[in-house]
Amino acid sequence: MTDHSTTPDAGLTEGIDDAVRAELTGLRESIDNIDAAVVHMLAERFKATQRVGRLKAEHKLPPADPARERDQIKRLRELAAGAKLDPVFAEKFLNFIIAEVIRHHEQIASAAVTSRNASD
């Protein structure tokens, strides 16, 4: 996701024009800022999905919602196309997130069952 450093590696940029080096550094700083924003947005998303998981567990709802997932994938593919981002990449990215959310929801549901059984 990141170019790993805002400072170009001296070995890779040796002999590169100062203006090119400055532009590369600026672009890498922008990439680093975007990566930080993505991480923070994903953290917020997962906080919300954790709350969804707890609500589902409390009401004994299944961890996965295939109809919602299909709708979200369709929506994200359309957003990606409109943003000039490869819809296939966007779908793969969302599928990865969805799989992680379902895994969290299964863990929450399992913990809820264990807790209910312990209180019986």
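Here the structure is shown first, and the text comes after it.
If you're wondering where the values come from, they're calculated on a predicted model, not measured in any experiment.

### Describing a nonpolar patch on the surface
Judged by side-chain polarity, Leu85, Phe89 and Phe93 come together as a nonpolar surface patch covering roughly 270 Å² of accessible area. One can find Phe89 in helix α4 (residues 87-119). You can call Phe89 partly exposed: its relative accessible area is 46%.

### Focus: the pattern of salt bridges
Tallying each qualifying case throughout the model produces 5 salt bridges. A salt bridge links Arg21 to Asp18, with the nearest nitrogen and oxygen atoms 4.0 Å apart. Highlighted residues: Arg21 and Asp18, both in helix α2 (residues 18-58), separated by 3 residues, approximately one helical turn. Here Arg21 falls in the partly exposed class, since its relative accessible area comes to 27%. Of the charged contacts, one joins Lys74 and Glu78 as a salt bridge, the two residues approaching to 3.4 Å between their closest N and O atoms.

### Focus: helix α3 (residues 66-82)
Its 17 residues give α3 an end-to-end C-alpha distance of 24 Å, which sits within 8% of 24 Å, the value for a rise of 1.5 Å per residue. Every buried residue belonging to α3 is among Glu69, Gln72, Ile73 and Ala80, and all of these are buried. With its buried residues spanning 100° around the axis, α3 presents them on a single face. Seen from the buried face of α3, the exposed residues on the opposite side, beyond 90 degrees, are Arg70, Asp71, Lys74 and Gly82. In the core, the buried residues of α3 are packed alongside α4. Positive backbone phi, approximately 65°, marks Lys84, located one or two places after α3.

### As for the packing of α3 against α4
The geometry of α3 relative to α4 is characterised by a closest axis approach of 9 Å and an angle of 145° between their N-to-C directions. Considering the relative orientation of α3 and α4, their crossing is right-handed. From α3, Glu69, Gln72, Ile73, Leu76, Arg77, Ala80 and Ala81 reach across to α4, where they touch Pro87, Val88, Ala90, Glu91, Leu94, Asn95, Ile98 and Ile102. Looking at the contact of α3 with α4 residue by residue, the classes come out as 10 nonpolar, 2 polar and 3 charged.

Rules behind the numbers
Residue numbers here run from 1 along each chain, matching the order of that chain's written sequence. The predicted origin of the model limits local features to residues at a pLDDT of at least 70 and limits the giving and counting of side-chain atom pairs to 80 or more, whereas totals for whole chains, interfaces and linings rest on all residues. Side-chain calculation: all heavy atoms of the structure are included, whereas hydrogens and water are not. Residues qualify for a patch when their relative accessible area is over 30% and they have no salt bridge, like charges being joined within 9 Å and the nonpolar side chains of Val, Leu, Ile, Met, Phe, Trp and Tyr within 5 Å. Working definition of accessibility: Shrake-Rupley area with a 1.4 Å probe, residue cover restricted to the visible protein chains. Every case where a carboxyl oxygen of Asp or Glu lies within 4 Å of a side-chain nitrogen of Lys or Arg is listed as a salt bridge. Every helix listed is a DSSP run of H or I at least four residues long, and every strand listed is a run of E at least two residues long, numbered separately from the N terminus. Here the term buried applies to any residue with accessible area under 20% of the maximum for its type, exposed to any over 50%, and partly exposed to those in between, with areas from a 1.4 Å probe on protein chains only. Multiplying 1.5 Å by the residue count of a helix minus one yields the expected span of that helix. The arc under discussion is defined with respect to the helix axis, by the directions toward the C-beta atoms. Whether two residues touch is decided by their heavy atoms; if any such pair falls within 4.5 Å, the residues are in contact. Axes here refer to lines fitted to C-alpha atoms; in helices the fit is confined to the stretch in contact. Angles between the N-to-C directions go from 0 to 180 degrees. Here is the rule for handedness: rotate from the far helix to the near one, and if that takes an anticlockwise turn smaller than a right angle the crossing is left-handed, while a clockwise turn gives right-handed. Gly falls in the polar group here, along with every residue not listed as nonpolar (Ala, Val, Leu, Ile, Met, Phe, Trp, Tyr, Cys, Pro) or charged (Asp, Glu, Lys, Arg).

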